[in-house]
Amino acid sequence: RDDEASHRVYGVVRKVEPMARALRELGAEAMLAGVRGKQTKHRSGLERITLNHAQKHYRIHPLLHWTQEDIDNYLAKHNLPYHPLKRLGYVSIGDKHSTKPVTKSSNSSTDKNEANDRNTRFGGKRQECGLHTERANVAELSALVSSASSLNLSFHGQQGEDRKPH
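The present account deals with the structure reproduced in this document. Predicted model only: the values in this text are computed from it and were never measured.

Here the focus is the sheet that holds strand β1 (residues 30-32). Across the sheet, which stays open at both edges, the 3 strands sit in the order β1-β3-β2 with mixed pairing between neighbours. Looking at which strands have only one partner, the edges of the open sheet turn out to be β1 and β2 (49-52). Within this sheet the neighbouring strands show an average axis-to-axis angle of 25 degrees, counted without direction. Relative to strand β3 (residues 57-60), β1 runs parallel, the two being bridged by 3 bridges. Note that in β3 the partner of L32 across the bridge is I60.

Here we come to unusual backbone geometry. Although it is not a glycine, N79 sits at a positive phi angle of roughly 50 degrees. The topology assignment puts N79 in the loop between α3 (68-77) and α4 (114-117). Residue class for N79 comes out exposed when judged on its relative accessible area of 70%.

Cut-offs and rules
- Residues numbered from 1 in each chain as written.
- Predicted model: local features only at pLDDT ≥ 70, side-chain atom pairs only at ≥ 80, totals over all residues.
- Heavy atoms only, no water.
- Pairing = 2+ DSSP bridges.
- Helix = DSSP H or I, 4+ residues; strand = E, 2+ residues; numbered from the N terminus.
- Axes fitted to C-alpha atoms, helices over the stretch in contact; angles between N-to-C directions.
- Buried < 20%, exposed > 50% of the residue type's maximum accessible area, 1.4 Å probe, protein only.

Function-wise, these values are silent; they only describe arrangement.
As structure tokens, this is what we get:
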């Protein structure tokens, strides 16, 4: 299914709840996220440091105001490699089934910008998986995961499967 409710359930089951559980089990009080403000409308409204009240941790966004040029310059200055999938056309990395390399149709704008790169995610229909947008508390996340399990909802890929694009 390709509706908003299914997309949210997928994001919570595969990304949000596992991350919230890992942070809780590790006793982490904060997490770093490499999101950049120019990537999506949602991200443009983020602050560098936020408190996720529902899930009880801080989110720190050190690259929030960086541009792609800033990233390129930093990598060059420190002799760091790009992700190996970049040379295969991947400009945004997500799950195997939700991320595609850039093609003329996925990035058809002649005005190259970072937001257009997000069109390679979820068939260009959605910009976020929920990891940075979900505000449900731990109990609500667990209930959503349980309801998805009891409904026997099927998502692309099984737990533990290699979900990186090839």
